[in-house]
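Each chain, written out:
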Amino acid sequence: MDFTFNIYILKQCCDKFVRVRMNVFKLEQYREDLIIELAESTSISKNVNCIYNFFEFALKESAKIPIESFILEFIEEYASFLSSFQVFGSPPEYSEKLIIQIDQLLELNFNLPPRSKLVIEKERLSAEIDQLYKVLSDDFSEVYFDKSSFPVLEAGITNRTGFLETITVHLKPSVVRDFIIIPSSQSIEERLKKQVEDSWELAKNYCSQFVNIGSDEHHIIIQFDRRVGEYTGNSLGVAICVSFIEAIQDYYNSPMMIKNAEFSTYTGSIDRDGIVHPVSEKIIQQKTNIVFFSHVKSFALPKEDLPFAERQIQRNLERYPSRSIKLVPVENLDSLLIRRDLIEIQKQGWLKRSTKLVKKNKSIFAALVLIPFLLHFFSIIAVDDNPWVVRFDQNTASIVNKNGDVLWTKKMKVEFSNALSRSTYNKFRIISDVDSDGKNEVILCYEDLNNTEYQDEDGRIACFDKEGNLIWRYIFKDKIETNKDKITNNFLIHLGNLVETLDKRLILIAAHAPLYPSAIFQLNLLNGERLEGTLWNPGHIDGETFIDDLDDDGKLEFFTSGINNAYNSVVFFALEIDNIRGITPATEPYKFKGFDIGNFDYYIIFPKTDYAKAYNYRYNKVFLNDGFYNSREKLVIIRTMEEIYEQNLIMGINYFFKPLISEIEIEPDDTFSMKRDSLVKARILQPPLTDTKEYREILMNQIRFWNGQSFVSNDQLNSN
């Protein structure tokens, strides 16, 4: 009896073991298929769908088998894909199932690394679903949409979902015309290439009626804002033509601007004569479905495709009878541009036009700075042994004469690339005739001194003669402390600026590695001796540095930008070169002992935005070695970075500052506006939308100015 019972129990255990093993085998096979799918797909919706289905299968099996490793392998990718997934473009129930699964994942009894991100994405998706339901009820009060766009079909999903892709176009001067498409690919699909060229010619011919284009050519940068992959076909023709018209009129600073109307979108190819061509019955129905479930009131489409779109609208209205949407058939460009429900005509104010003029001519201002250098280059007879420039390649600095011959080299600690800007290179080298003997000396920072007799001088600055012999070197070994920290003297020096006066001197920046203190100090250029005065800042000084008489008082100021860890924000400051001493303003935990606050002409805190706060970033940042100064206009431009770099795109706020009149103009970057607006629409951030007067006023009210005693608002500063 006991033996029979034990055999029965053993058989049950064996059957359970076989079932568990079979389930694990199925899940492992599913996992391998998922890895292949994700490697081959560029579609956000498809990737979300694939991982969703895998997790659904795993969660159903969780009572039978351990699933922790299967979930953890893909959860980071899933959170990342979810952050780019948009509810609009598909029926709401497609997104509602994602909310249910996120809740199931958050209830698992093991730790999920991106838990906080999943919570944010759940809130965003929930808010967007609510917004979509309101749109389907003909309530557009919580959405805003005014960029040129076109519906995109995503292949690889059973019902071929999609989304509205928006376009941003920038023009830059060039001697030849070329199109730069972001995201980039090795080659542009032929129909897309032809459509881009046709749309450009059409837009250029149209705009030539209002602005003087002449024979100008341009680098034409076309950015697909969603950046989900490579596009094919020509149905974006109308949308990109409208974007080109906007960009051309913006580039040439036309007083009248043609702009995409709110809540409108387009589909259809267009030729150089302005004729809009049909898509097809099946494709237009799928695109109409995307538009129906998006924040669109007016859908411009080829006239021949109108009956197919109307049938699709009627099918969707059976489920959502309150949704109102206008189908606008167009035959050519003229029939589109006369429609005020598709196109707005706006007049630009003088301030906006002036701001654009400064931004557009940034390269011209830089060229003016280079002209004396170029004239000097061509006026001097070549001397073979005279250092002329320093060229960086990977971890090597090559000192080159003006004929291009390498005179000598030095190993560097930095891995250089062509992507680094000229201002970045300026942090590591200066060529100057230090002793005025007609031969140039070379000053270098960040040398690689390993396996040399100077390996204990890591982080130094050094001056070499024309043959590479060491003239002098300096190592920064100051010690500093606060009430909470005693800082070691482990500093790296980089170049700030060269003061071209009779008493030539170098302004240098010493940055602690790896902690927050930075020091600004000066050396005698002739012998490397330390000059009196050191200015300490509780944060790294990464912005480009400048020297000029900023306030027209006859005295030179040194000015730059960086981070102040005491206030967790980007700061700009300026002070006379003879006043480089003391400490920058700071709260008590970051106030360095033994120093008074310096005598600043300007010290400004630029606020961390609500967007950066939503993602719990400690501070905004200054773009590395970034900054712009127009000495003629006394205009400083500070750009804050509100999120980590994404594909080298700018992601923050531009502040245009005129110190003499205490005037600041604020302009958010396009990418920042797009990403912040998505959180506003999801109710994660409070209105207003980003590119508005109201949001600029919010930022302006948060900027703080040091008045010598405390930080005050701009209004308080100007009232004193």
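For the structure itself, look to the data block above.
Described in the following lines is the structure provided in the data block. These figures come from a predicted structure and were not determined experimentally. (Residues numbered from 1 in each chain as written. Predicted model: local features only at pLDDT ≥ 70, side-chain atom pairs only at ≥ 80, totals over all residues. Heavy atoms only, no water.)

**Some words on unusual backbone geometry**
And step 1. The amide bond that connects alanine 513 to the next residue, proline 514, takes the cis arrangement and shows omega of 10°.
And step 2. By secondary structure assignment, the location of proline 514 is in the loop between β21 (505–512) and β22 (517–524).
And step 3. The amide bond that connects proline 687 to the next residue, proline 688, takes the cis arrangement and shows omega of 10°.
And step 4. Here proline 688 lies in the loop between α15 (670–681) and α16 (693–702).
And step 5. Phi is positive for aspartate 552, close to 55°, though the residue is something other than glycine.
And step 6. Examined against the element boundaries, aspartate 552 turns out to sit in the loop between β24 (546–548) and β25 (557–564).
And step 7. Located in the positive-phi region is asparagine 568, a residue other than glycine, with phi close to 55°.
And step 8. In this fold, asparagine 568 is placed in the loop between β25 and β26 (569–576). (Helix = DSSP H or I, 4+ residues; strand = E, 2+ residues; numbered from the N terminus.)

**With respect to the environment of asparagine 489**
And step 1. Locating asparagine 489 in the fold gives a position in the loop between β19 (486–487) and β20 (491–499).
And step 2. We classify asparagine 489 as partly exposed; its relative accessible area is 25%.
And step 3. C-alpha of asparagine 489 to C-alpha of aspartate 478: the two residues are eleven residues apart in sequence and 5.8 Å apart in space.
And step 4. For asparagine 489, the residues in contact, after removing those within four places along its chain, are Phe476, Lys477, Asp478 and Lys479. (Buried < 20%, exposed > 50% of the residue type's maximum accessible area, 1.4 Å probe, protein only. Contact = heavy atoms within 4.5 Å.)

**Topic: the sheet that holds β20**
And step 1. An order of β20-β21-β22-β23-β27 is seen for the five strands of this open sheet, with the pairing classed as mixed. Edge positions in the open sheet fall to β20 and β27 (582–583), since each of these has one partner strand only. (Pairing = 2+ DSSP bridges.)

**Here we look at the sheet that holds strand β35 (residues 711–712)**
And step 1. Here six strands make up an open sheet; going across it, the order is β24-β25-β26-β28-β34-β35 and the pairing antiparallel. Each edge of the open sheet is held by one strand with a lone partner, namely β24 and β35.
And step 2. Here β25 runs beside β26; their pairing, made up of eight bridges, is antiparallel. Looking across to β26, one finds that glutamate 557 is bridged to glutamate 576.

**Things to note about the packing of helix α4 (residues 92–106) against helix α5 (residues 115–136)**
And step 1. Between α4 and α5, whose axes approach to 10 Å, the crossing angle comes to 155°. Taken together, the axes of α4 and α5 are roughly antiparallel relative to one another. The interaxial crossing formed by α4 with α5 has left-handed handedness. Residues Pro92, Ser95, Glu96, Ile99, Ile102, Asp103 and Leu106 of α4 form the contact with α5, whose participating residues are Arg115, Leu118, Val119, Lys122, Leu125, Ser126, Ile129, Leu132, Tyr133 and Leu136. (Axes fitted to C-alpha atoms, helices over the stretch in contact; angles between N-to-C directions. Parallel < 35°, antiparallel > 145°, perpendicular 65-115°, else oblique. Left-handed = near helix turned anticlockwise from the far one by under 90°.)

**Quick word on α4**
And step 1. Here α4 contains 15 residues, and its C-alpha end-to-end distance of 22 Å stays within 8% of the 21 Å for a straight helix at 1.5 Å per residue.
And step 2. Taken as a whole, α4 has its buried residues at Pro92, Tyr94, Ser95, Leu98, Ile99, Gln101, Ile102, Leu105 and Leu106. (Expected span 1.5 Å × (residues − 1).)

**Details of the side chain of threonine 690**
And step 1. By the secondary structure assignment, threonine 690 is in the loop between α15 and α16.
And step 2. Take threonine 690: its relative accessible area is 0%, and that puts it in the buried class.
And step 3. At 3.1 Å, the side chain of threonine 690 forms a polar contact with the side chain of arginine 676.
And step 4. Once you skip the residues sitting within four places of it in the chain, threonine 690 turns out to touch Pro668, Phe672, Ser673, Arg676, Asp677 and Tyr695. (Polar contact = N/O pair within 3.5 Å; in protein donor to acceptor, adjacent residues only side chain to side chain.)

**Overview of the packing of aromatic side chains**
The way to describe two aromatic rings as a pair is by their centre distance and the angle between their planes.
And step 1. Under the criterion given, the structure shown has 41 aromatic pairs.
And step 2. Relative to phenylalanine 293, the ring of phenylalanine 292 lies with its centre 5.1 Å away and its plane at 75°, an arrangement referred to as edge-to-face. In terms of burial, phenylalanine 292 and phenylalanine 293 fall into one category: buried.
And step 3. Here the aromatic rings of phenylalanine 476 and phenylalanine 491 are separated by 5.0 Å at their centres, their planes lie at 75°, and the arrangement is edge-to-face. (Phe/Tyr/Trp six-rings, centres within 6.5 Å; stacked < 30°, edge-to-face > 60°.)

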